[in-house]
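Structural features, examined
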Amino acid sequence: MSDVTSNPASAREGLAFAFQHCESLVREGDPDRYFATLFAPAAFRPHLFALYAFSLTIARVRDAASNPMAGEIRLQWWRDALQGEARGDVKANPVAAALDDAIVTRRLGRQPFVDLIDARVFDLYDDPMPRVNDLEGYCGETASSLVRLGSLVLAEGGEPGGAAAAGHAGVAYGVAGLLRALPWHARQGQVYLPADLLRENGVTREDIVTGRGGPGLDRTCAALRALARRHLAAYEAARNTISPAARPAYLPTALVETVLSAMERPGYDPLNTLIEIPRWKRLWRLWRGARSFG
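In this text the structure is predicted, and so the values were computed from the model without any measurement. (Residues numbered from 1 in each chain as written. Predicted model: local features only at pLDDT ≥ 70, side-chain atom pairs only at ≥ 80, totals over all residues. Heavy atoms only, no water.)

Points about the packing of helix H8 (residues 132-154) against helix H9 (residues 163-180)
The N-to-C vectors of H8 and H9 enclose an angle of 115°; their axes lie 7 Å apart at closest approach. Once H8 is placed against H9, the crossing between them reads as right-handed. Along its contact with H8, which presents Leu135, Glu136, Tyr138, Cys139, Gly140, Ala143, Ser144, Val147 and Arg148, the element H9 presents Ala163, Ala166, Gly167, Gly170, Val171, Gly174, Val175 and Leu178. (Axes fitted to C-alpha atoms, helices over the stretch in contact; angles between N-to-C directions. Helix = DSSP H or I, 4+ residues; strand = E, 2+ residues; numbered from the N terminus. Left-handed = near helix turned anticlockwise from the far one by under 90°. Contact = heavy atoms within 4.5 Å.)

Quick look at the structure:
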């Protein structure tokens, strides 16, 4: 993705625009990570926003593409960009430009980004997630990977610790997020709920995408909330392995229990209830999460 320019001033201006663009994308599209990043030292925020803007862009490929094949082509462009094989001026894409600077400056490996892209291929199609283990793996390659990469940025080349903590934090956050997004995904024909768990509870894909729901879906969602809490507990048990510098990368995990608890209030309907966290509560939970590290 890197290239050499003969105009350093122009390059700096272009990179500043790229970082501003990434910050705006994250602020509008991923408020959890946006507000969490504000707890990180200012010098690291541009590269954190670059990571999160990349993740958000890849997550939106299905919406931007007219069909799965068009989505596959978009994802391949990003693979090629990461591996230096894309045609044209990659730096003309502000997210790609900011991400490349983050990778080079913070000495990040490129394979985790390629793995994240590969995991997001699932988003392009309408089949349910095959098994619970597959759901955990998907969350690991997406949400957990972002936690780990963010911690590497913050560690400035040092050891951020917390590899297991990052895995569990990401799965807890990812599962809670997918349950929260169930109403939107169902309307789009997407089913992230594991097929083995659906069968166990007598639920079909059609029950979900047509909005029928029912007790079996309620049991399925309850089982996934329990799964998220198991990973949340494992993350809490491993928090002492996280280096102090890397802690801001884990802050979105402080919102998981708030989301899960909201789903257990009377009248909650997995296919129709929208879980909204007021800005004040989001900030308060993140502040409490930051304080809890000591």
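Brief notes about the state of the cysteines
Counted according to the given criterion, the structure contains 0 disulfides. Among the cysteines around cysteine 221, which has no disulfide bond, cysteine 139 carries the closest sulfur, lying 14 Å off. (Disulfide = S-S within 2.5 Å.)

Brief notes about the packing of aromatic side chains
Across all of its chains, the model carries 9 aromatic pairs by this definition. Relative to phenylalanine 35, the ring of tyrosine 34 lies with its centre 5.3 Å away and its plane at 70°, an arrangement referred to as edge-to-face. Ring centres of phenylalanine 54 and tryptophan 78 lie 5.4 Å apart, and the angle between their planes is 65°; on these two criteria the pair is classed as edge-to-face. Pair noted here: phenylalanine 54 is in helix H3 (residues 45-59) and tryptophan 78 is in helix H5 (residues 68-82), with a separation of 24 residues, a long-range link. For the pair phenylalanine 54 and tryptophan 78, a shared accessibility class is recorded, and that class is buried. Taken together through their ring pairs, the aromatic side chains of Phe54, Trp77, Trp78 and Phe113 make up a single cluster. (Phe/Tyr/Trp six-rings, centres within 6.5 Å; stacked < 30°, edge-to-face > 60°. Buried < 20%, exposed > 50% of the residue type's maximum accessible area, 1.4 Å probe, protein only.)

A word on the side chain of arginine 282
Tracing the backbone through its elements, the reader meets arginine 282 in helix H15 (residues 279-292). Given the relative accessible area of 8%, arginine 282 is considered buried.

So, the pattern of salt bridges
Here the structure, examined in full by the defined rule, presents 16 salt bridges. Note that arginine 110 and aspartate 100 form a salt bridge whose closest N and O atoms lie 3.3 Å from each other. Here the residue arginine 110 occupies a position in the loop between helix H6 (94-105) and helix H7 (111-120), and aspartate 100 occupies one in helix H6, the gap between them amounting to 10 residues. Residue classification places aspartate 100 among the buried residues on the basis of a relative accessible area of 3%. By sharing partners, the salt bridges in this structure join Arg225, Arg229, Glu257 and Glu264 into a single network. (Salt bridge = Lys/Arg side-chain N within 4 Å of Asp/Glu carboxyl O.)

A closer look at a nonpolar patch on the surface
The grouping of Leu38, Phe39, Trp280, Trp284 and Trp287 at the surface amounts to a nonpolar patch, some 520 Å² of accessible area in total. For tryptophan 287, the position within the fold is in helix H15. Exposure remark for tryptophan 287: the relative accessible area of 40% places this residue in the partly exposed category. (Patch = residues over 30% accessible without salt bridge, like charges linked within 9 Å, V, L, I, M, F, W, Y side chains within 5 Å. Areas by Shrake-Rupley, 256 points an atom, 1.4 Å probe, with all protein chains shown as cover.)

Here we look at the layout of surface pockets
Within this model, the largest pocket holds a volume of roughly 1,100 Å³. What lines the largest pocket is a set of 38 residues, among which Gly29, Leu56, Gly177, Ala181 and His185 lie closest to the centre. Put simply, the parts of the chain that give the lining of the largest pocket at least two residues each are helix H2 (31-37), H3, helix H4 (61-64), H8, H9, helix H10 (182-187) and helix H14 (256-262). Looking at the lining of the largest pocket element by element, the count peaks at 6 residues for H9. (1 Å grid on protein atoms, 1.4 Å probe; cavity = no way out; pocket = protein on both sides within 12 Å on 5 of 7 lines; lining within 4 Å. Points joined across faces, edges and corners; volume = space filled by probe spheres on them.)

Topic: the packing of H9 against helix H13 (residues 215-237)
Closest axis-to-axis distance for the H9/H13 pair is 8 Å, and the angle between their directions is 155°. Taken together, the axis directions place H9 and H13 in an arrangement best described as roughly antiparallel. Seen along the crossing, H9 lies across H13 with a hand that is left-handed. Facing Ala165, His168, Ala169, Val171, Ala172, Val175 and Leu179 of H9, the residues of H13 in contact are Cys221, Leu224, Arg225, Leu227, Ala228, His231, Leu232, Ala234 and Tyr235. Per-class residue counts for the contact of H9 with H13 are 13 nonpolar, 2 polar and 1 charged. (Parallel < 35°, antiparallel > 145°, perpendicular 65-115°, else oblique. Nonpolar A, V, L, I, M, F, W, Y, C, P; charged D, E, K, R; others polar.)

Points about H6
Between its terminal C-alpha atoms H6 stretches 16 Å, which fits the 16 Å expected from 12 residues at 1.5 Å a residue. Most of H6 sits inside the fold, with 9 of its 12 residues counted as buried. Pro94, Val95, Ala96, Ala97, Ala98, Leu99, Asp100, Ala102 and Ile103 are the residues of H6 that are buried. Contact partners of the buried residues in H6: helix H1 (8-29), H3, H5 and H7. Measuring from the side-chain oxygen of the N-cap residue of H6 to the backbone nitrogen of valine 95 gives 3.0 Å; that N-cap residue is asparagine 93. (Expected span 1.5 Å × (residues − 1). Polar contact = N/O pair within 3.5 Å; in protein donor to acceptor, adjacent residues only side chain to side chain.)

A look at the nonpolar core
If you look at the biggest cluster of nonpolar residues, it comprises 92 residues, and the most contacted ones within it are Leu51, Phe54, Phe113, Val175, Leu193, Ile208 and Tyr250. Top element by residues in this core is H9. It accounts for 10 residues. (Core = buried A, V, L, I, M, F, W, Y, C linked by side-chain atoms within 4.5 Å.)

Digging into empty space enclosed by the protein
By the definition in use, this model includes 4 cavities of 30 Å³ or more. Arg33, Tyr52, Ala143, Val147, Tyr173, Ala249, Tyr250, Pro252 and Thr253 are the residues that line the largest cavity. Its residues placed into classes, the lining of the largest cavity shows 7 nonpolar, 1 polar and 1 charged.

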